[in-house]
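Residue strings, one per chain:
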Amino acid sequence: MDIKIEKFQLQKGLQKVQGFTEKRSTLPILSHVLMETNGGKLIIKATDLHTSVQVKLVCEVKEPGACTVHAKGLLDILKELPDGDISIKRSDDGRIHITLDRYRFKLNIMDPEEYPLIDFSKMDEGLIIAPDVIKSMIDNTFFSISQGNGEELKYTLEGAYLVTGKDDNIPYLEMATTDAKRLSVVRYPIDQALDISGGIIIPRKGLQEIRRLIETSDADTYMRLSEGSLYFVSEDTVATIRLISGSFPEYAGVIKSEAYPIKIKIDAEELLNALKVCSALVSEISNSVRFVFSDKTTTLYAKDPEKGDVEIVVDSSQSGPDVDITFNPRYFIDCLSMISGDALILLKDSEGPCLIMPGDNSNRRWLIMPMRY
Amino acid sequence: MPFALVDCNNFYVSCEKVFNPGLEGKPVVVLSNNDGCIIARSNEAKALGIKMGEPFFRCREIIQRYNVRVYSSNFSLYGDMSARVMETLGLLCPDMEIYSIDEAFLSLDKGIPDPIAWGMGVRKTVLKWTGVPVSIGIGPTKTLAKVAAHVAKAMPEGVVYTGADADAVLKDVDVADVWGIGVKYARKLKAMGIRTALELKDLPDNWIKRHMRSTGLRTVMELKGIACIQLGDVAFTKKSVMCSRSFGRDVHDLGELEEAVAAYASRAAEKIRAQGSAASCIQIFLASGSLRETGHGIVSSSVELPEATSYTPEIIRMVKLMVGRLYRSGTVYKKAGVILSGLVDRGKVQKSLFCPSRETPASQRLMETMDSLNQRWGRGTITFAAGGIERPWKMRQARRSPRFTTSWDELPLARAN
């Protein structure tokens, strides 16, 4: 293998794929990227066996071939180098020689034959979804993905649950995440029918990487959802997440607004700002803000024995009796940040869950459990 | 505002002497859990060369030769005696911070006319009311008070004031004995030729900040008489609580292992309830073999709870599951422990969506009742059967004195003819 490539292009390509490598795996080759030539292109592939990616970069191929190189190691070097054309040549001593002007590096490589096979063959099958829809779904739900081991729970919570269904005969795609303390659900209508009514889980890391790709990609991109994989496709990049089967808790009953007799309408931004102020005075150990919802106002109370206490009154309108209830402010802040305009806060009583949704859109719902006070 | 540090002299030994006056003037030592090492010595035992932390077996010869009285640790007695000392101090000076089982900081009135005389008065009262001798250090900062208390221990009058001329005291204090100077910094300072507290105090601030960061600078400022550390006005809350013990004998049986771990879990749960906390995470470890043996090792397991709890039955249920997972038949277990972490305010626990709360008002009342019974009638008055009744695995305490103040069965007897 002997190629010449613009340093900036190579760096950009590596930055795209680096997140897909596995740093802590017992398989050292997964911390490497596979670089191989194909026609006049350099193809860089990375995988952790669950999420995979390949990018195509324009380069001058003097001699075709392949090698695997440590992704972070190479990227760290590229970041420090000046701009210019880089020459990468695989030598017989089992290393690659990288040259740019007076800089010369020899990096150890691994056998490209050992690199796991990455299969993108089914990227043309399944339902096409606009990347913006997936990005919005991730943004509205990502924060409530469980970070714990969930060992004692029978559910798979370390990812987003994706399910299809029909509402008044209109097919929809729904994403739900939970960390057992809160639940986020977002629904989008779709044109084509795809049957994953049994639901499927997208792992957390895959969501993170796909979101990053969507954010940095050009206009000509699309997502494809098949039963086993979610693909991201653009002109020079293809990524896939292997979807995993796993059980997700039945949540439809708890997000029905009819089940909540107390309704509060409040300006989301005003409440968000008030909660941010309260958060500055929340003690690390209690991590709670007391909400008192009444006829025309919502009053927030927070206290830190070491710093002091705060009381903030926000205008709101309410139907139902007054409620005195305590929540983790972080949970409220996460979902209020996704709402512009009015928010609807629905409650059962002072001990039960709280359902939050935008005042003008019931396709996004967040359920938060209160604190036991 | 001056500070005083009241430090109980040879505290564990002093507690033993209160109920056994015959020990006065005799060499006495107290052993650690499972009778392993020396953890307290009377002045007479110190004079014989018995070192702090020395394994018991290593000084057995001196102990036999000089007829040293040896006691297993009796933490029920020491805890209760400590409470009495602290209660007495609280009456004498309400502005108090309990620093450890045998030390308390007091904040004194600014215009106290004669600190030494005040200290002598406190010393006399504590001795008279509790039987425990104390040393008192008084200074303009907590660090100087601590230095003064260290010096006072070696003085017959037992009270030292570092107000007017702290340097005279600091010049004779080893830098390693300064509060806030750990082993690492002490080694570093000594390697640089700084051996006394006075030499440390006289170092330039820039040097201190560069080599010892802001915590080091705080210590030095305190040595200079500038108070940087105030009396703790917020109760100290631990971030995790551990209960671990070596077994009194080898444990092979799963039932016994479950019993021991359940007992430790029960104790740890009691501790977190006492500070008003609930645990979000439970960890257990089992140690097999001793370090000298082949095949020794430690296995551990942890679980994150769906909802933080301090309810003992729930914690016992979880640790028993974990013990079952870790247990290997044929292994000889020597020690086990339970760590409760991720502690949150017990009154504000985040509810779970999927697991109904196991703590109900009734279960909370049950725990409160158990705790108050055990507090009133002594630890172990009411326990969970899962923690065992006979407890054959319990650590060795062959030389423990009676729990004179916390057990009805072990009250001292007064005989009259």
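Heads up: the structure comes first, above all this text.
This section reports on the structure supplied with the text. (Residues numbered from 1 in each chain as written. Chains lettered and ligands numbered in written order. Predicted model: local features only at pLDDT ≥ 70, side-chain atom pairs only at ≥ 80, totals over all residues. Heavy atoms only, no water.)

## Some points on the overall build of chain B
- The helix and strand inventory of chain B stands at 13 helices and 14 strands.
- Rg of the C-alpha trace for chain B: 24 Å, near the compact-globule value of 22 Å for 417 residues, within the 12% margin.
- Based on the C-alpha atoms only, the size of chain B along its principal axes is roughly 65 × 65 × 50 Å.
- Buried residues in chain B amount to 47% of all 417 residues. (Helix = DSSP H or I, 4+ residues; strand = E, 2+ residues; numbered from the N terminus. Rg over C-alpha atoms; globule rule 2.2 N^0.38 Å. Buried < 20%, exposed > 50% of the residue type's maximum accessible area, 1.4 Å probe, protein only.)

## Topic: the overall build of chain A
- From N to C terminus, chain A includes 6 helices and 26 strands.
- With respect to the three principal axes, the spread of C-alpha positions in chain A is 80 × 55 × 40 Å.
- With 373 residues in all, chain A has 53% of them scored as buried.
- Counted over contacts in chain A with a minimum sequence separation of 6, partners at least 24 positions apart contribute 65%.
- Only carbon and sulfur atoms are counted for the fraction: they give 45% of the accessible area of chain A, which is about 17,500 Å². (Contact = heavy atoms within 4.5 Å. Areas by Shrake-Rupley, 256 points an atom, 1.4 Å probe, with all protein chains shown as cover.)

## Let's talk about the nonpolar core
- By size, the foremost hydrophobic cluster in this structure holds 68 residues, and its most contacted members are Leu10, Met35, Leu42 and Ile44 of chain A.
- When sequence neighbours within four positions are dropped, the list of residues in contact with Ile44 of chain A reads Leu10, Leu14, Val17, Val33, Leu34, Met35, Val53, Gln54, Val55 and Leu57 of chain A. (Core = buried A, V, L, I, M, F, W, Y, C linked by side-chain atoms within 4.5 Å.)

## Here's the deal with the interface of chain A and chain B
- Contact with chain A, which involves 27 residues of that partner, is made by 29 residues of chain B.
- Summed over both partners, the interface of chain A with chain B comes to about 2,300 Å²; 57% of that surface belongs to carbon and sulfur atoms.
- Taken together, the links from chain A to chain B amount to 2 salt bridges.
- With a shortest N-O distance of 3.7 Å, Glu359 of chain B and Arg372 of chain A are connected by a salt bridge.
- Between the two partners, chain A and chain B, sit 10 residue pairs in polar contact (both at pLDDT 80 or more). (Buried area = accessible area lost by both parts, 1.4 Å probe. Salt bridge = Lys/Arg side-chain N within 4 Å of Asp/Glu carboxyl O. Polar contact = N/O pair within 3.5 Å; in protein donor to acceptor, adjacent residues only side chain to side chain.)

## A few points about the packing of aromatic side chains
- Scanning the model with the defined rule gives 18 aromatic pairs over all chains in all.
- Ring centres 5.1 Å apart and planes at 55° place the aromatic pair Phe327 of chain A and Phe332 of chain A in the tilted group. Across the pair, Phe332 of chain A and Phe327 of chain A agree in class, each one buried.
- Ring centres of Tyr12 of chain B and Phe75 of chain B lie 5.6 Å apart, and the angle between their planes is 85°; on these two criteria the pair is classed as edge-to-face. Of this pair, Tyr12 of chain B sits in helix H1 (residues 11-19) while Phe75 of chain B is found in helix H4 (residues 75-92), placing the two residues 63 residues apart along the sequence.
- Exposure remark for Tyr12 of chain B: the relative accessible area of 16% places this residue in the buried category.
- One aromatic cluster is present, formed by Phe291, Phe293, Phe327 and Phe332 of chain A through successive ring pairs. (Phe/Tyr/Trp six-rings, centres within 6.5 Å; stacked < 30°, edge-to-face > 60°.)

## Section: helix H1 (residues 7-18) of chain A
- Under the 1.5 Å per step criterion, the end-to-end length of H1 of chain A is 16 Å for 12 residues, consistent within 8% with the ideal 16 Å.
- Those residues of H1 of chain A that sit buried are Lys7, Leu10, Gln11, Gly13, Leu14, Lys16, Val17 and Gln18 of chain A. (Expected span 1.5 Å × (residues − 1).)

## Let's talk about empty space enclosed by the protein
All names here are of chain A.
- Going through the model one piece at a time under the given rule, you end up with 1 cavity of 30 Å³ or more.
- For the largest cavity, the calculated volume is near 40 Å³.
- In terms of lining residues, the largest cavity is bounded by Phe143, Ser144, Arg182, Leu183, Ser184, Tyr331, Cys335, Trp366, Leu367 and Ile368.
- Along the lines of polarity and charge, the residues of the lining of the largest cavity split into 7 nonpolar, 2 polar and 1 charged. (1 Å grid on protein atoms, 1.4 Å probe; cavity = no way out; pocket = protein on both sides within 12 Å on 5 of 7 lines; lining within 4 Å. Points joined across faces, edges and corners; volume = space filled by probe spheres on them. Nonpolar A, V, L, I, M, F, W, Y, C, P; charged D, E, K, R; others polar.)

## Re the packing of H4 of chain B against helix H5 (residues 115-130) of chain B
Residues and elements named next belong to chain B.
- The N-to-C vectors of H4 and H5 enclose an angle of 140°; their axes lie 10 Å apart at closest approach. Viewed along their axes, H4 and H5 adopt a mutual orientation that is oblique. Handedness of the H4/H5 crossing: right-handed. Together, Met81, Arg84, Val85, Thr88, Leu89, Leu91 and Leu92 of H4 and Val122, Thr125, Val126, Trp129 and Thr130 of H5 make up the contact between the two elements.
- Taken together, the residues of the contact of H4 with H5 sort by class into 8 nonpolar, 3 polar and 1 charged. (Axes fitted to C-alpha atoms, helices over the stretch in contact; angles between N-to-C directions. Parallel < 35°, antiparallel > 145°, perpendicular 65-115°, else oblique. Left-handed = near helix turned anticlockwise from the far one by under 90°.)

## So, a negative patch on the surface
Residue and element names in this part refer to chain A.
- A contiguous patch of negative charge, built from Asp267, Glu269, Glu270, Asp315, Asp342 and Asp360, is present on the exposed surface.
- Mapped onto the elements, Asp342 comes out in strand S23 (residues 342-347).
- Looking at Asp342, the relative accessible area reads 32%, which means it is partly exposed. (Patch = residues over 30% accessible without salt bridge, like charges linked within 9 Å, V, L, I, M, F, W, Y side chains within 5 Å. Lys, Arg positive; Asp, Glu negative; His and termini not counted. Charge placed at Lys NZ, Arg CZ, Asp CG, Glu CD.)

## Some thoughts on the environment of Glu87 of chain B
- Within the fold, Glu87 of chain B resides in helix H4.
- Spatially, the C-alpha atom of Glu87 of chain B lies 9.7 Å from that of Val126 of chain B, the residues being 39 residues apart in sequence.

## Description of helix H6 (residues 329-336) of chain A
All names here are of chain A.
- Buried residues dominate H6, accounting for 7 of its 8 residues.
- When we look at burial in H6, the residues that qualify are Pro329, Tyr331, Phe332, Ile333, Asp334, Cys335 and Leu336.
- At the N-terminal end of H6, a side-chain oxygen is found 2.9 Å from the backbone nitrogen of Arg330, two or three residues along, and the residue is Asn328.

## Remarks on the sheet that holds strand S22 (residues 323-327) of chain A
All names here are of chain A.
- Across the sheet, which stays open at both edges, the 12 strands sit in the order S14-S11-S12-S13-S25-S24-S23-S18-S21-S20-S19-S22 with antiparallel pairing between neighbours. Of all strands in the sheet, those bounded by a partner on one side alone are strand S14 (200-203) and S22. Geometrically, the sheet is characterised by an average inter-axis angle of 25° between neighbouring strands, direction not taken into account.
- Across 4 bridges, strand S19 (residues 289-293) lies against strand S20 (residues 297-304) in antiparallel orientation. (Pairing = 2+ DSSP bridges.)

## Describing the packing of helix H3 (residues 131-141) of chain A against helix H4 (residues 204-216) of chain A
Residue and element names in this part refer to chain A.
- Two elements in contact, H3 and H4, have axes separated by 10 Å at closest approach and are oriented at 130°. The pairing of H3 with H4 is recorded here as oblique in orientation. Of the two elements, H3 crosses H4, and the hand of that crossing is left-handed. In this structure, H3 uses Pro131, Ile134, Lys135, Ile138 and Asp139 to contact H4, whose residues at the interface are Leu207, Ile210, Arg211, Ile214 and Glu215.
- Along the lines of polarity and charge, the residues of the contact of H3 with H4 split into 6 nonpolar, no polar and 4 charged.

## Let's talk about the side chain of Glu103 of chain B
Residues and elements named next belong to chain B.
- By the secondary structure assignment, Glu103 is in strand S6 (residues 103-107).
- Classification of Glu103 as buried rests on a relative accessible area of 10%.
- At a separation of 3.0 Å, a polar atom in the side chain of Glu103 contacts the side chain of Ser100.
- Once you skip the residues sitting within four places of it in the chain, Glu103 turns out to touch Leu5, Val6, Asp7, Met86, Ile98 and Lys146.

## A word on the environment of Trp207 of chain B
Residue and element names in this part refer to chain B.
- For Trp207, the position within the fold is in helix H10 (residues 205-223).
- A residue is classified by how much of its surface remains accessible, and Trp207, at 17% relative accessible area, is buried.
- In the structure, Trp207 is positioned 85 residues away from Val122 in sequence and 40 Å away in space, judged by C-alpha atoms.
- If sequence neighbours within four positions are ignored, Trp207 has contacts with Leu189, Met192, Ile194 and Met212.

## A short note on the pairing of strand S9 (residues 103-110) of chain A
All names here are of chain A.
- Where strand S6 (residues 66-70) and S9 come together, 2 bridges link them in antiparallel fashion. Within S9, the residue paired with Val69 across the bridge is Ile109.
- Bridge count for strand S8 (residues 95-100) against S9 is 6 bridges, and the pairing is antiparallel. Note on S9: the bridge partner recorded for His97 is Lys106.

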